[in-house]
Amino acid sequence: MIQPAANPFDKISPTALMVAHARQFTDIPYTQALATLVDARSAFDQLLSQSSALPLDMAVMIEGRYKAINQAMAEFAPTQILELASGLLPRGMVMTQDPNLIFVESDLPIMLSRKQKLVQQLVGDRPNLHFAVIDVTAQPSQFPIDAYWQPDQPIAILCEGLLMYLDQTEKQRVFANVRELLQIYGGVWITSDLVDLESLHRRREISPALRQVGAMIARISDRSKTECYFDTFEQVQQFAHQQGFQIQHQSMLNIMPQLTCLQPLGINPKIAEALLADSFVFTLRLR
Ligand SMILES: C[S@@+](CC[C@H](N)C(=O)[O-])C[C@H]1O[C@@H](n2cnc3c(N)ncnc32)[C@H](O)[C@@H]1O
């Protein structure tokens, strides 16, 4: 059998299993089924080895960003959505229950093919749910242009849990690819991934568990923190402007009443509140 060519970004893919493990302690649909089907618990234990007894504070960030992105997206009521680096996110299955919505999930080939099989197992075929292999950094762009989309309707592009693994040059390529698609269709890009080192350090002060998880993720993904994060929040805004976008941000604190992972994981609400207060979802439009 011909194996798909190895991609240097494949080292990032196992982190999708960790995230899937954390997400099952929430009320987000399909997350328990997905975590069970991929045995996310074993993957999580293996990756974290002796640290697996740590409280899963990361679930706050994972549930927070999923719901904050949904909230930001609701303002636009999009009819077509491109999700980048979908991993084991259930959003495509959840949203395409609305037959009028077009949803395209994307990821690297190995992860996407695994996801497509899982979706088939859980919900079968959905005519409005599509799967596209996209390396977000590829140039020329692999973002679908003519396939899937209605030409007269804007697109919402979503991305959670990827850009913080990419260095500045790789990020620039993603911004260029998003820009190209939005220039054709119009729309917005909503992401939680523009993280700066100052807020990252503050969050890791609040939760030592996050510090350990962060160190482990950096080790397995082989990505350097200093190359992949912005130094300051101002740099995030400056970068987005330079790449041709207007950028707005919203704190995730308003997601606090919707958090469901606290009780099952025994997380202190004060810690959750402090983590969310220093985490943001960004909405970008072309300038
Ligand atoms: C931390 S996981 C996040 C997955 C998912 N967004 C979530 O929140 O659960 C990172 C994801 O990025 C994908 N990925 C890594 N490099 C990529 C690239 N260059 N282009 C597209 N996807 C990539 C991985 O395969 C993996 O699914």
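Before reading further, recall that the structure is shown in the block above.
Below: a short report on this structure. (Residues numbered from 1 in each chain as written. Predicted model: local features only at pLDDT ≥ 70, side-chain atom pairs only at ≥ 80, totals over all residues. Heavy atoms only, no water.)

### Focus: the site of the ligand
Point 1. For the ligand, the set of nearby residues contains 22 residues, the closest of which are Ser13, Arg65, Ala85, Asp107 and Glu160.
Point 2. Take Asp135: an N or O atom from its side chain is 2.9 Å from a nitrogen atom of the ligand.
Point 3. Val136 has a polar backbone atom sitting 3.0 Å from a nitrogen atom of the ligand.
Point 4. Surface burial for the ligand is 100%, taken as the share of its 590 Å² of free accessible area covered by protein chains.
Point 5. Broken down by element, the shell around the ligand gets its largest block of residues, four residues, from helix α1 (residues 15–23).
Point 6. Partitioned by chemical class, the residues of the shell around the ligand number twelve nonpolar, five polar and five charged. (Near = heavy atom within 4 Å. Polar contact = N/O pair within 3.5 Å; in protein donor to acceptor, adjacent residues only side chain to side chain. Areas by Shrake-Rupley, 256 points an atom, 1.4 Å probe, with all protein chains shown as cover. Helix = DSSP H or I, 4+ residues; strand = E, 2+ residues; numbered from the N terminus. Nonpolar A, V, L, I, M, F, W, Y, C, P; charged D, E, K, R; others polar.)

### Notes on the packing of α1 against helix α4 (residues 58–74)
Helix packing for two helices is described by the angle between their axes and how far apart those axes are.
Point 1. In contact at an axis separation of 9 Å, α1 and α4 are set at 90 degrees when each is read in the N-to-C sense. Classified by the angle between their axes, α1 and α4 sit roughly perpendicular to one another. For the pair formed by α1 and α4, the contact residues are Met18, Val19, Ala22 and Arg23 on the first element and Met58, Ala59, Ile62 and Arg65 on the second.
Point 2. Of the residues in the contact of α1 with α4, the class split is six nonpolar, no polar and two charged. (Axes fitted to C-alpha atoms, helices over the stretch in contact; angles between N-to-C directions. Parallel < 35°, antiparallel > 145°, perpendicular 65-115°, else oblique. Contact = heavy atoms within 4.5 Å.)

### A few points about the layout of surface pockets
Point 1. Considering only enclosed or pocket space, the second largest pocket measures out at about 150 Å³ in volume.
Point 2. What lines the second largest pocket is Ala68, Gln71, Ala72, Glu75, Phe76, Gln248, His249, Gln250, Val281, Thr283 and Arg285.
Point 3. The set of elements that each furnish at least two residues to the lining of the second largest pocket consists of α4, β6 (245–251) and β7 (280–286).
Point 4. For the lining of the second largest pocket, the per-class residue count stands at four nonpolar, five polar and two charged. (1 Å grid on protein atoms, 1.4 Å probe; cavity = no way out; pocket = protein on both sides within 12 Å on 5 of 7 lines; lining within 4 Å. Points joined across faces, edges and corners; volume = space filled by probe spheres on them.)

### Looking at the state of the cysteines
Point 1. Counted according to the given criterion, the structure contains zero disulfides.
Point 2. Counting only cysteine sulfurs, Cys159 is the nearest neighbor of Cys228, a cysteine outside any disulfide, at a range of 13 Å. (Disulfide = S-S within 2.5 Å.)

### Concerning the sheet that holds β6
In a beta sheet, neighbouring strands are held together by backbone hydrogen bonds and run either parallel or antiparallel to one another.
Point 1. Taken in spatial order, the seven strands line up as β3-β2-β1-β4-β5-β7-β6 in an open sheet, and their pairing is mixed. Each of the sheet's edge strands pairs with one partner strand only, and the pair in question is β3 (129–133) and β6. For this sheet, the mean angle separating the axes of adjacent strands, direction not counted, is 20 degrees.
Point 2. Here strand β4 (residues 155–159) pairs with strand β5 (residues 187–191) via five bridges, running parallel. Opposite Leu158, over in β5, you have Ile190 as the bridge partner. (Pairing = 2+ DSSP bridges.)

### Side note on the nonpolar core
Point 1. Among the nonpolar cores identified, the biggest contains 97 residues, and Met58, Val60, Leu82, Ile157, Trp189, Leu194 and Leu284 are the most heavily contacted of them.
Point 2. Broken down by element, the residue count for this core peaks at nine residues, all from α4. (Core = buried A, V, L, I, M, F, W, Y, C linked by side-chain atoms within 4.5 Å. Buried < 20%, exposed > 50% of the residue type's maximum accessible area, 1.4 Å probe, protein only.)

### Concerning helix α3 (residues 40–48)
Point 1. Where α3 is concerned, the buried positions are Ala40, Ala43, Phe44, Leu47 and Leu48. The buried residues of α3 occupy an angular sector of 115 degrees when the element is viewed end-on, so they sit on one face.
Point 2. In this structure, the buried residues of α3 make contact with α1, α2 (31–37), α4 and α9 (208–221). (Arc of directions from axis to C-beta.)

### Considering helix α6 (residues 109–123)
Point 1. With 15 residues, α6 should reach 21 Å at 1.5 Å per residue; the first-to-last C-alpha distance of 21 Å fits that figure.
Point 2. Residues Met111, Leu112, Lys115, Leu118 and Val119 constitute the buried set of α6. For α6, the buried positions fall inside an angular range of 125 degrees around the axis, keeping them on one side. Pointing more than 90 degrees away from the buried face of α6 are the exposed residues Lys117 and Gln121.
Point 3. Its buried side turned inward, α6 meets α1, α2, α5 (91–95), β2 (102–107) and β3. (Expected span 1.5 Å × (residues − 1).)

### With respect to the side chain of Thr96
Point 1. Position of Thr96 among the secondary structure elements: in the loop between α5 and β2.
Point 2. On the accessibility criterion, Thr96 (3% relative accessible area) is buried.
Point 3. Here the side chain of Thr96 touches Gly92 through a polar contact of 2.6 Å, landing on its backbone oxygen.
Point 4. Not counting residues within four places of it along the chain, the set of residues in contact with Thr96 comprises Leu101, Phe103, Arg126, Asn128 and Leu129.

### Quick look at the side chain of Asn177
Point 1. Looking at where Asn177 falls in the secondary structure, it is placed in helix α7 (residues 168–185).
Point 2. A relative accessible area of 2% places Asn177 in the buried class.
Point 3. Within the local environment of Asn177, its side chain forms a polar contact with the backbone oxygen of Ala138, the two atoms lying 3.0 Å apart.
Point 4. Once you skip the residues sitting within four places of it in the chain, Asn177 turns out to touch Val136, Thr137, Ala138, Gln139, Ser141 and Phe143.

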